[in-house]
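Descriptive analysis of the structure
One-letter residues, chain by chain:
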Amino acid sequence: MLVKVLQQNIGDKQRAMNELFGRYSNKMLEFFYYSLNKDREMAKDFTQELFLKLVEKPERFNLDKTFKTWFYSVASNMCKNEYRKNATEKKYTEFVVNDNQSSFDAGNKGGFVINEALTCLKPSHKNSIILRYKFKMSIREMSEILDCPEATVRSQLFYATKELSKYLKKEEV
Amino acid sequence: MKNEKSLHELIENYDFSELSIAQQQFILTEMSREEYTNMRKTIIETIIYFDEAPILMAEDIVSPKVKSNHLLLKFVNYKIPVYKIAALLVIVFSIQNLIPEEIPSNNQVSERTNEYIIDTDTFLSCSRYSSKNSIKYDQGLSRLVIN
């Protein structure tokens, strides 16, 4: 297990780190990108910071979880802290336009509306939607990442979908 | 909570028409058919939105360098902040000033030989040098011997 190489003083640590980076860097960048309302620069900073955390404190890895769920839960907590820091969340309800992805949205009205609707969701609801439909996580994995019971995850998904649906319907009218 | 759990599973997986009559009845106790259809449509559109979005590449992010855990390297790479060095210097100098320069040991004291000063000057001889009999009365002090 690669993270064990980082935790214990065995094997080529740099190689293990590079391997983990190769596997997860794009995914984590996307996770931050969607969670932080498409702020690409901030997503890059957060991804870099996440991997630095892994290098500096690999002992924090919880052996009860799989590396994937643990890593996503650290990333999710970083987003929560960021939301808390900007308590008003105003910053994250503004749609970041100057991005490649936005040009994709502009040519795709449905995508544009969904993106706008996502920015209006509560952070916890938005995270649920991203983890479930972007990263195709199972309910069990989500409950580990979000650190709540499976029933709560399902309930969050239900209400998030309901909110999204309301927003989309309003836009259609 | 239980209803929401089951509801969401059904919405994710089945169209309303694909549900059994019992399931449809259960759904209709919670929401209208239109609401169910809208929520299912939303989920499908969201999945399509994420699937069609271009994949982001972490091109300009670099894999962090892992520091070795070797004790010697740790020691060499250890960086002391400037304020700690300054504080250390202050402590060293103040301790140096507190310590007296030389403390004679007990041995040195014991090795020292006593010197006896024998002064034969008397009160009378002192009066010799005093001007105009300033010391008038000789009280009979014989000798002053200083040991």
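For the structure, check the block above.
Residues numbered from 1 in each chain as written. Chains lettered and ligands numbered in written order. Predicted model: local features only at pLDDT ≥ 70, side-chain atom pairs only at ≥ 80, totals over all residues.

A look at the overall build of chain B
- Along its length, chain B carries seven helices and zero strands.
- Along its sequence from the N terminus, chain B presents helices and strands in the succession α-α-α-α-α-α-α.
- The burial tally for chain B puts 10% of its 147 residues in the buried class. (Helix = DSSP H or I, 4+ residues; strand = E, 2+ residues; numbered from the N terminus. Buried ≥ 20, exposed ≤ 12 C-beta atoms within 10 Å, placed from the backbone.)

Some points on the overall build of chain A
- The secondary structure content of chain A amounts to ten helices and zero strands.
- Here chain A, with 173 residues, has 39% of them falling under the buried criterion.
- By sequence separation, contacts in chain A at least 24 residues apart represent 60% of the contacts at least 6 residues apart. (Contact = placed C-beta atoms within 7 Å.)

Points about the packing of helix H8 (residues 123-134) of chain A against helix H9 (residues 139-146) of chain A
Residue and element names in this part refer to chain A.
- It is the contact of H8 with H9, at a shortest axis distance of 10 Å, that shows an interaxial angle of 140°. Classed by the angle they form, the pair H8 and H9 counts as oblique. Judged by the twist between their axes, the crossing of H8 over H9 is right-handed. Two secondary-structure elements touch here, H8 through Asn127, Ser128, Leu131 and Arg132 and H9 through Met142, Ile145 and Leu146.
- Partitioned by chemical class, the residues of the contact of H8 with H9 number four nonpolar, two polar and one charged. (Axes fitted to C-alpha atoms, helices over the stretch in contact; angles between N-to-C directions. Parallel < 35°, antiparallel > 145°, perpendicular 65-115°, else oblique. Left-handed = near helix turned anticlockwise from the far one by under 90°. Nonpolar A, V, L, I, M, F, W, Y, C, P; charged D, E, K, R; others polar.)

Comments concerning unusual backbone geometry
Residue and element names in this part refer to chain A.
- The phi dihedral of Asn37 falls on the positive side, at around 50°, and the residue is not glycine.
- Mapped onto the elements of the fold, Asn37 is located in the loop between helix H2 (13-35) and helix H3 (40-56).
- C-beta crowding within 10 Å serves as the criterion here: with 19 such atoms nearby, Asn37 is assigned to the partly exposed category.
- With phi around 55°, Asp147 is a residue other than glycine that occupies positive phi space.
- Relative to the helices and strands, Asp147 is located in the loop between H9 and helix H10 (150-172).

As for the packing of H10 of chain A against helix H3 (residues 33-52) of chain B
- Running from N to C, H10 of chain A and H3 of chain B cross one another at 90°; their axes reach a closest spacing of 9 Å. Considering their axes alone, H10 of chain A and H3 of chain B lie roughly perpendicular with respect to each other. Note on element contacts: H3 of chain B touches H10 of chain A through Asn38, Met39, Thr42, Ile43 and Thr46 of chain B, opposite Thr161, Lys162, Leu164, Ser165, Leu168 and Lys169 of chain A.
- A per-class count over the contact of H10 of chain A with H3 of chain B returns four nonpolar, five polar and two charged.

Brief notes about the interface of chain A and chain B
- Facing the 37 residues of chain A at the interface are 27 residues of chain B.
- When residues of the side of chain A that touches chain B are traced back to their parent elements, those giving at least two are H2, H3, helix H6 (100-106), helix H7 (109-120), H8 and H10 of chain A.
- It is H10 of chain A that provides the largest number of residues to the side of chain A that touches chain B, a total of eleven residues.
- Of the residues assigned to the side of chain A that touches chain B, the class counts are 16 nonpolar, 14 polar and seven charged.

What about H2 of chain A?
- The axis of H2 of chain A is deflected most strongly, by about 45°, at Tyr24 of chain A.
- At the C-terminal side of H2 of chain A, Asn37 of chain A shows a positive phi close to 50°. (Bend = angle between axes of the 7 residues up to and from the residue.)

Comments concerning the nonpolar core
Residues and elements named next belong to chain A.
- Ranked by internal contacts, the top residues of the largest apolar core, which has 50 residues, are Met28, Leu29, Phe31, Phe32, Tyr33, Leu50 and Ala75.
- In terms of residue count, H2 provides more of this core than any other element does, eleven residues in total.
- In contact with Leu50, not counting residues within four places along its chain, are Met28, Val74, Ala75 and Met78. (Core = buried A, V, L, I, M, F, W, Y, C linked by C-beta atoms within 7 Å.)

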